[in-house]
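Descriptive analysis of the structure
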Amino acid sequence: MSALLRRIPANIPKDIRKIRIENSHLTELPRGSFENVSALEYLWLNFNNITVMHIKSLEYLPALKELRLQGNKLSSVPWTAFQDTPALKILDLKHNRLDVLPEHALRYLPNLTYLDLSSNQLTIISRDVFYSWPVYQRSQRAEGQIEAISNAVLALHDNPWICDCRLRGFVQFIKSVGPPIILMNSYLTCSSPKFRAGKFFHEVELNSCMKPLTSALDTNLTVPVGLNITLTCFVQASPSPAVWWTYALKLLRAFNVSTEPINEETVRSELLIPAARPADAGNYTCTAANFLGNTSVAITLHVGVPWASTTPPDWAPIAPAEPGTHVEVRIAKQTVYGITLEWFAVAAAAAEPGETWYTLLVGRYDAAQKDTIYIGPGVNTYSVTDLLPATKYEVCVAVRNQAPRKGQCVVFVTGSDISQLEQREKLIHIVVIVCAMVLAVPAGMYACTAEARPGCLARCPGACPRRRRRGQAQAAGSKESTLDSLPAGSEDGLCRPEGGRGARQPLACEDPSKPRLPHRNSADLY
């Protein structure tokens, strides 16, 4: 007892009839562990750390009557090992980790009178395990006869039984079993599924197993852009199936999928697609599988487009705009990796600002097609990241079903020297070509060069004369075309104070006759 034994001692006397080694450190029973003690009748190895039992570990023990292995760590037992112990009457395996009982498990235990498998991890076993047990077979043959048959005690309680169709035969066996087989505890209880947890075997009626059958109420759906859509499929199966969704042969993320039982044999699986976009259109497949097979159903989703992806130069709305609805946009924050936009909707009297959906168009200024992003109600900021250096971008915000208007877009150019910008913890420097050209942003938003003091913001519109006289004919064109014709990073006509940074003179535009300051790639917003 409590000895530091790592293995069965090799010098046990040959005439020993009983061995008891408990609370020690035995971890396995190797082959021929007791080959020198063939007279052994009682072997107690309780409360060790035995995890492995060799198929020939009981070899040369024909007289063994009692084997107790309680409180070890056996997850499986080589049941054919009991061919070497035909006289075994008591087998105690409680408080182990057995999770499987194969069909032939009791076939080699013809004289067993006590079998304890309680407090293991058994979930599903077949009734054929007991139908092939010689003790049970003798009891069936002896029905109605005077032949005396010894009772056999069977302990199966405190296991996490899964009460579905796979356990149906075993539950029927437990309900019908009687002497000479006696259950130590006849109140076996279900652990799962949830709707049967805690119920006794005699309270449940289990159906036969069934391959999954999938269906959907509607297999062809059309929804408008920006609407939350839930795809639903129903599955009839027993036992309860595993259900998953795929789109374009890719497994969809589990946190957008919810599956719950409706009744004993039916489950409902739902896939949520928030703010549907045209890119979400296609075939979604709901697949269900259990041990009998799998089946699937496909649902086709069509997503309508509220307006064309390319916006006309004059920003003419494609859908009728709600009277009085307007969106004011500004750049709220510059980070190392991009900018953060913020907008405020001035809605019509009949509209609810808290229920307004927005559409963002993001892309290069000269791109014919920009990325479209749909924003739900209650959100009024968005961060634009992963921008290329020395590139002119345009970001527009509009109410859903409206095209962007003037004042709802921001045009900016990223700096060309990314390393310097990162060192200064600035990535986006808004370059405004001429003060008078800042027309794509709401009133009151201006940009000045890095040399300008904050006061430049207030005085810049009034202090800047019009464009230099050079190229007056070209300047007569539209404001949009003038902005398009300017290269990224140009500083022509930028407002700056005369006399350097610290001077407090009135602002004036750059004089081409004066020496130019060293070239700078960008200017700061505000």
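Residues numbered from 1 in each chain as written. Predicted model: local features only at pLDDT ≥ 70, side-chain atom pairs only at ≥ 80, totals over all residues. Heavy atoms only, no water.

The name given to the chain in an unreviewed UniProt entry is LRIT2 protein, with the source organism recorded as Herpetotheres cachinnans.

What follows is about the nonpolar core. If you look at soluble globular proteins, the nonpolar side chains tend to sit buried side by side. Core analysis: the largest hydrophobic core is formed by 58 residues, its most contacted members being Trp 79 and Phe 170. If you list the elements that add at least two residues to this core, you get α1 (128–131), α2 (134–141), β8 (152–155), α3 (168–176) and β10 (181–183). Of all the elements, α3 adds the most residues to this core, at four residues. The residues contacting Trp 79, other than those within four sequence positions of it, are Leu 91, Leu 93, Leu 101, Pro 102, His 104, Ala 105, Leu 106, Tyr 108, Leu 109 and Leu 117. Core analysis: the next-biggest nonpolar cluster, separate from the first, contains 23 residues, Val 223, Leu 231, Val 235 and Val 303 among them. (Core = buried A, V, L, I, M, F, W, Y, C linked by side-chain atoms within 4.5 Å. Buried < 20%, exposed > 50% of the residue type's maximum accessible area, 1.4 Å probe, protein only. Helix = DSSP H or I, 4+ residues; strand = E, 2+ residues; numbered from the N terminus. Contact = heavy atoms within 4.5 Å.)

A complete count under the given rule lists 15 salt bridges for this structure. Taking the shortest distance from any N to any O, the salt bridge between Arg 68 and Glu 66 comes out at 2.5 Å. Accessibility classification places Arg 68 together with Glu 66 in one group, the buried group. (Salt bridge = Lys/Arg side-chain N within 4 Å of Asp/Glu carboxyl O.)

Moving on, we come to the state of the cysteines. By definition, a disulfide links the sulfur atoms of two cysteine residues through a covalent bond. One pass over the full model with this rule turns up four disulfides. Between the sulfur atoms of Cys 163 and its disulfide mate Cys 190 the distance is 2.0 Å. The disulfide joining Cys 163 to Cys 190 has a torsion of about -95° about its S-S bond and is therefore left-handed. Residue Cys 163 is found in the loop between β9 (161–162) and α3, and its partner Cys 190 is found in strand β11 (residues 190–192); the two are separated by 27 residues along the sequence. A residue is classified by how much of its surface remains accessible, and Cys 163, at 0% relative accessible area, is buried. The disulfide bridge from Cys 233 ends at Cys 286, spanning 1.9 Å between sulfur atoms. (Disulfide = S-S within 2.5 Å.)

Now for the packing of aromatic side chains. Following the criterion strictly, the structure yields twelve aromatic pairs and no others. Relative to Phe 82, the ring of Trp 79 lies with its centre 5.8 Å away and its plane at 50°, an arrangement referred to as tilted. Overall, Phe 82 belongs to the buried group, its relative accessible area being 1%. A centroid spacing of 5.7 Å and a plane angle of 65° characterise the contact between Trp 343 and Tyr 358, whose relative ring orientation is edge-to-face. Of this pair, Trp 343 sits in strand β22 (residues 338–346) while Tyr 358 is found in strand β23 (residues 358–364), placing the two residues 15 residues apart along the sequence. Grouping residues by exposure puts Trp 343 and Tyr 358 together as buried. Through pairs of rings, three or more aromatic residues link up here, namely Phe 130, Tyr 131, Tyr 136, Trp 161, Phe 170, Phe 173 and Phe 201. Positioned over the ring face of Tyr 42 is Lys 18, at 5.9 Å from the centre of the ring. Note that Lys 392 overlies the ring of Tyr 365, its terminal NZ or CZ placed 5.0 Å from the centroid. (Phe/Tyr/Trp six-rings, centres within 6.5 Å; stacked < 30°, edge-to-face > 60°. Lys NZ or Arg CZ within 6 Å of the ring centre and 35° of its normal.)

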